Structures are given as C-alpha cells and as structure tokens.
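# An overview of the molecular structure
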Amino acid sequence: QVQLVESGGGLVQAGGSLRLSCAASGIIFSINGMGWYRQAPGKQRELVATIPKSGNQIYADSVKDRFTVSRDNTKNTVYLQMNSLKPEDTAVYYCTAEIEINGAVRLWRTYWGQGTQVTVSS
C-alpha cells in the first residue's frame, strides 16, 4: 500500500546542482526517519543523508558541506539538495523511510523507492 517515488534525477555538469524529491503515499499513520542512499556501478549501496522527524541531519563525509537533506512533513516528502556535484557523485539515488502502516498494532516497516539516476559529467 505504501510507495516512495523519487524524482529530480538527471544529467548535470560537474559543479552543478540538482534537487531530488521523494514523496511517500498510501496508508501512512506516521513517518519517522527519512533519508537517501546511493549506489554507484560496482559499489555497495551507501548512506548519503538521513533526517529524523526532529533533530540534526546526518551526512556521509563525502557529501558534507555540499548536500542538504530536508523534509516537508505536511507532504510526506524528503528532499536532497545537491550542490557542487562531482563525477564521483554519479549513482542511483534511493529514498528510504520508516513508516508506521498500522497505528493500532504499532507496525513499522522500512520502505525504499525505486531509485533515480544522477549522472555528473566532467
């Protein structure tokens, strides 16, 4: 019933910017943490940034001072603003969210989006 849909990926030049969005929809009682992971060709999926409903954001060292994660709780949406992009940022970016799908029994699940491609050319 719950879906996460990413958007905003594309091809950009090194040094450029891109903003990713991820909207959650379906039967949602509440959302705890939201965030972004990425997977480059031949590499394991790695954390990019996460943001709790309340508190400071967490970033991978490789993107600190360049990326900013934010969320709009009224829209069940998480964003990733990416600035000063580098070729090594090229990857499929995946949205993730911890969602309570049944408030009566406190059932929580972690959901993943299908991914959006980000390609940075030099």
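Just so it is clear, the model here is predicted, and its values are computed rather than measured.

### What about the overall build of the protein?
- The helix and strand tally for the protein stands at 0 helices and 11 strands.
- Sequence-ordered secondary structure for the protein, helices as α and strands as β, is β-β-β-β-β-β-β-β-β-β-β.
- A compact globule built from 122 residues should have a C-alpha radius of gyration of about 14 Å, and the protein, at 14 Å, falls within 12% of that.
- Along the longest, intermediate and shortest principal axes, the C-alpha atoms of the protein span 50 × 25 × 25 Å.
- Here the protein, with 122 residues, has 42% of them falling under the buried criterion.

### Structural notes on the pattern of salt bridges
- Going through the model one piece at a time under the given rule, you end up with 4 salt bridges.
- The closest approach of N and O atoms between R38 and D89, which form a salt bridge, is 3.0 Å. Here D89 lies in the loop between β8 (77-82) and β9 (91-102) and R38 lies in strand β4 (residues 30-39), a separation of 51 residues in the sequence.
- Given a relative accessible area of 1%, D89 falls into the buried group.
- Of the charged contacts in the structure, one is a salt bridge between D89 and R66, with a shortest N-O distance of 2.8 Å. Pair noted here: D89 is in the loop between β8 and β9 and R66 is in the loop between β6 (58-59) and β7 (67-72), with a separation of 23 residues, a long-range link. Accessibility assignment for this pair places D89 and R66 in one class, buried.

### Describing the environment of S84
- Relative to the elements of secondary structure, S84 occurs in the loop between β8 and β9.
- When the C-alpha atoms of S84 and G15 are compared, they prove to be 4.2 Å apart, with 69 residues separating the residues in sequence.
- Excluding anything up to four places from it in sequence, S84 contacts G15, G16, S17, R66 and D89.

### Some details on the side chain of S121
- Structurally, S121 can be placed in strand β11 (residues 116-121).
- At 2.9 Å, the side chain of S121 and the side chain of Q13 are in polar contact.
- Residue contacts for S121: discarding those within four places in its chain leaves L11, V12, Q13 and A14.

How each quantity is defined
Residues numbered from 1 in each chain as written. Predicted model: local features only at pLDDT ≥ 70, side-chain atom pairs only at ≥ 80, totals over all residues. Heavy atoms only, no water. Helix = DSSP H or I, 4+ residues; strand = E, 2+ residues; numbered from the N terminus. Rg over C-alpha atoms; globule rule 2.2 N^0.38 Å. Buried < 20%, exposed > 50% of the residue type's maximum accessible area, 1.4 Å probe, protein only. Salt bridge = Lys/Arg side-chain N within 4 Å of Asp/Glu carboxyl O. Contact = heavy atoms within 4.5 Å. Polar contact = N/O pair within 3.5 Å; in protein donor to acceptor, adjacent residues only side chain to side chain.

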